[in-house]
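Observations on the model geometry
So the chains spell out like this:
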Amino acid sequence: MPTTNRQIHLAARPVGFPMESDFRLVEAPLPACGDGQFIVKTQYISVDPYMRGRMNEMKGYAEPFQIGQVITGGSVGTVTESKHPGFKPGDVVQGMWGWQEYALTAGEMCSKFDPTLAPISTALGVLGMPGMTAYFGFLDICKPKAGETVFVSGAAGAVGSLVGQIAKIKGCRAVGSAGTDEKIEYLLKEDGFDAAFNYKKVNDYAAKLRELCPKGIDGYFDNVGGPQSDAAFSLLNPFARISICGQISMYNSTAPEVGPRLVLTMLLIRQATATGFLVPQFAARYPEGIAQMAQWIKEGKIHYREDIMDGVENTPKAFIGMLNGNNKGKQLVRVG
Ligand code: NAP
Ligand code: FER
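Everything quoted here is computed from the prediction, not taken from an experiment.

It is worth spelling out the site of ligand 2 at this point. All residues adjacent to ligand 2 are Y50, Y61, M96, C245, Y251, L278 and P280. For ligand 2, an oxygen atom lies 3.1 Å from a polar atom in the side chain of Y61. Out of a free accessible area of 370 Å², ligand 2 has 75% covered by protein chains. Residues belonging to the shell around ligand 2 are distributed by class as follows: seven nonpolar, no polar and no charged. Looking at the shell around ligand 2, you find at least three residues from each of domain 1 (4–125 + 304–334) and domain 2 (129–279).

As a further point, take the sheet that holds strand β11 (residues 217–222). Within the open sheet, the six strands sit side by side as β10-β9-β8-β11-β12-β13. Their pairing is parallel. With one partner strand each, in any of the chains shown, β10 (195–198) and β13 (273–276) form the two edges of the open sheet. On average, each strand axis in the sheet is inclined to that of its neighbour by 15°, with strand direction left out of account. Sheet strands in contact with helix α5 (residues 205–212) are β8 (149–152), β9 (173–178), β10 and β11, and its direction is about 160° off that of β10.

It is worth spelling out the pairing of β11 at this point. The element β11 is extensively covered by neighbouring structure, given that six of its six residues are classed as buried. The pairing of β8 with β11 spans three bridges and is parallel. Bridged to V152 within β11 is F221. Pairing geometry for β11 and strand β12 (residues 236–244), over five bridges, is parallel. When the sheet's bridge partners are listed, I217 is paired in β12 with L236.

This part is about helix α8 (residues 286–298). Note: α-helices contain 3.6 residues per turn, so residues at a spacing of three or four share the same orientation. Helix length check: α8, at 13 residues, gives a terminal C-alpha distance of 18 Å against a target of 18 Å (1.5 Å per residue), a fit within 8%. When we look at burial in α8, the residues that qualify are G289, M293, A294 and W296. Down the axis, α8 shows its buried residues gathered within 160° of arc, on one side only. What points out from α8, more than 90 degrees from its buried face, is the exposed set P287 and K298. After α8 finishes, the residue G300 shows a positive phi value of roughly 75°.

Counting across every chain of the model gives 14 aromatic pairs. Relative to Y220, the ring of F151 has its centre 5.3 Å away and its plane inclined at 10°; by these criteria the two rings are stacked. Placement of F151 in strand β8 and of Y220 in strand β11 is noted, with a sequence separation of 69 residues between them. We classify Y220 as buried; its relative accessible area is 0%. Taken together, Y135, F136, F221, F277, F282, Y286 and W296 form an aromatic cluster joined through their ring pairs. Sitting over the ring of F87, K112 keeps its end group 5.6 Å from the ring centre. Residue placement shows R305 over the ring face of Y186; its charged tip is 3.6 Å from the ring centre.

On to the side chain of R52, then. Relative to the helices and strands, R52 is located in helix α1 (residues 50–54). Although R52 lies buried, it forms no salt bridge, and the closest oppositely charged side chain, D22, sits 7.1 Å away as judged by the N-O distance. When sequence neighbours within four positions are dropped, the list of residues in contact with R52 reads P14, V15, G16, P18, Y251, N252, F319 and L323.

The next thing to look at is the domain arrangement of the protein chain. Split into domains, the protein chain comes out as domain 1 (4–125 + 304–334) and domain 2 (129–279). Taken residue by residue, the interface counts 20 residues in domain 1 and 15 residues in domain 2. The contact between domain 1 and domain 2 buries some 1400 Å² in all, and 59% of this surface belongs to carbon and sulfur atoms. When the buried surface of domain 1 facing domain 2 is broken down by residue, G125, R305 and K328 rank first, second and third, together holding 28% of it. Linking domain 1 to domain 2 there are two salt bridges. Note that E182 is salt-bridged to R305, the shortest N-O span being 3.3 Å. The interface formed by domain 1 and domain 2 contains six residue pairs in polar contact (both at pLDDT 80 or more). Among the secondary structure elements, those contributing two or more residues to the side of domain 1 that touches domain 2 are α1 and α9 (315–324).

Calculation notes
Residues numbered from 1 in each chain as written. Chains lettered and ligands numbered in written order. Predicted model: local features only at pLDDT ≥ 70, side-chain atom pairs only at ≥ 80, totals over all residues. Heavy atoms only, no water. Near = heavy atom within 4 Å. Polar contact = N/O pair within 3.5 Å; in protein donor to acceptor, adjacent residues only side chain to side chain. Areas by Shrake-Rupley, 256 points an atom, 1.4 Å probe, with all protein chains shown as cover. Nonpolar A, V, L, I, M, F, W, Y, C, P; charged D, E, K, R; others polar. Domains from an automatic or database assignment. Pairing = 2+ DSSP bridges. Helix = DSSP H or I, 4+ residues; strand = E, 2+ residues; numbered from the N terminus. Axes fitted to C-alpha atoms, helices over the stretch in contact; angles between N-to-C directions. Contact = heavy atoms within 4.5 Å. Buried < 20%, exposed > 50% of the residue type's maximum accessible area, 1.4 Å probe, protein only. Expected span 1.5 Å × (residues − 1). Arc of directions from axis to C-beta. Phe/Tyr/Trp six-rings, centres within 6.5 Å; stacked < 30°, edge-to-face > 60°. Lys NZ or Arg CZ within 6 Å of the ring centre and 35° of its normal. Lys, Arg positive; Asp, Glu negative; His and termini not counted. Salt bridge = Lys/Arg side-chain N within 4 Å of Asp/Glu carboxyl O. Buried area = accessible area lost by both parts, 1.4 Å probe.

So this is what it looks like as structure tokens:
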């Protein structure tokens, strides 16, 4: 039985863009498994944009991480030892134990994953939190109808790539943005987007969107916020629906960004609806979302991309790389 557990702790609160020195690799003891507990060996760690917010001192929708404590977040692994009635050795479990090789847990925030559905890494991607975000955040809020135009910002990432593919399943025109030419090519050739642009090479987003969305925008799935949103709002059709999923362009800002008040004016004159959401609000319906996504994968209608870095010690590098846009699809860290 292992007695040590390599973990990544928060060493300092990042100021602006995180640096590797904000994190520390720590070898902690792994206590023995007590009654009502089990030990899970991590196989994949998820690095997600929202974790950047938890590194700040101020409370967002979740409690801040504490300095000197392990960084928690989504992980998946296999039970190696159990004195818990609900979990047995060999079970594949996903939970929030985060950036460490092992977890000793009483099962809080843990659930079993059915490994016959798809490879277990998908518990953190297409069949996990990002997949449910795409499925419910798009279908419930953008309410897509065949023939409509949907714009997805941050389209080549874990969530965005799935939103574009679901838009195509629903018969929409899918337009996306991402930060490299390679990602744009992938969106067009593999994900089935009808049009896409590299926002790092385009200056006038409104002009580009006008060209790519000649009939205007009926649904906007917003992963990034900022200037891309200013442009998207200027092209809304009457009664457009906007799903505010993320605002990653501002996650490393040191001062709040205040832009022109165009966005609210456009909501008003286009009689449009913008709705923010947090994916756990759909938790009661995850079984539906997982079943549908798994079905679409089996039918070849949805495919998913994972970018895997090896070694728990490289988790900070993977996280920082994801914020930089190095990831193609869902960024994961493989452990052990
Ligand atoms: P992801 O898209 O796989 O990775 C983040 C991507 O953001 C990077 O690859 C990068 O790609 C892009 N990016 C970084 N800085 C940017 C900037 N300044 N402007 C535009 N794009 C930038 O991450 P994800 O897990 O799928 O998450 C996508 C969004 O959904 C995030 O905003 C996240 O917070 C949000 N989210 C929300 C919920 C919810 O419940 N509301 C749940 C999950 C995720 P490029 O190369 O394209 O720059
Ligand atoms: C959660 C609420 C929101 C959560 C993740 C998110 C893992 C993601 C939000 C975002 O990326 O903006 O409980 O659990």
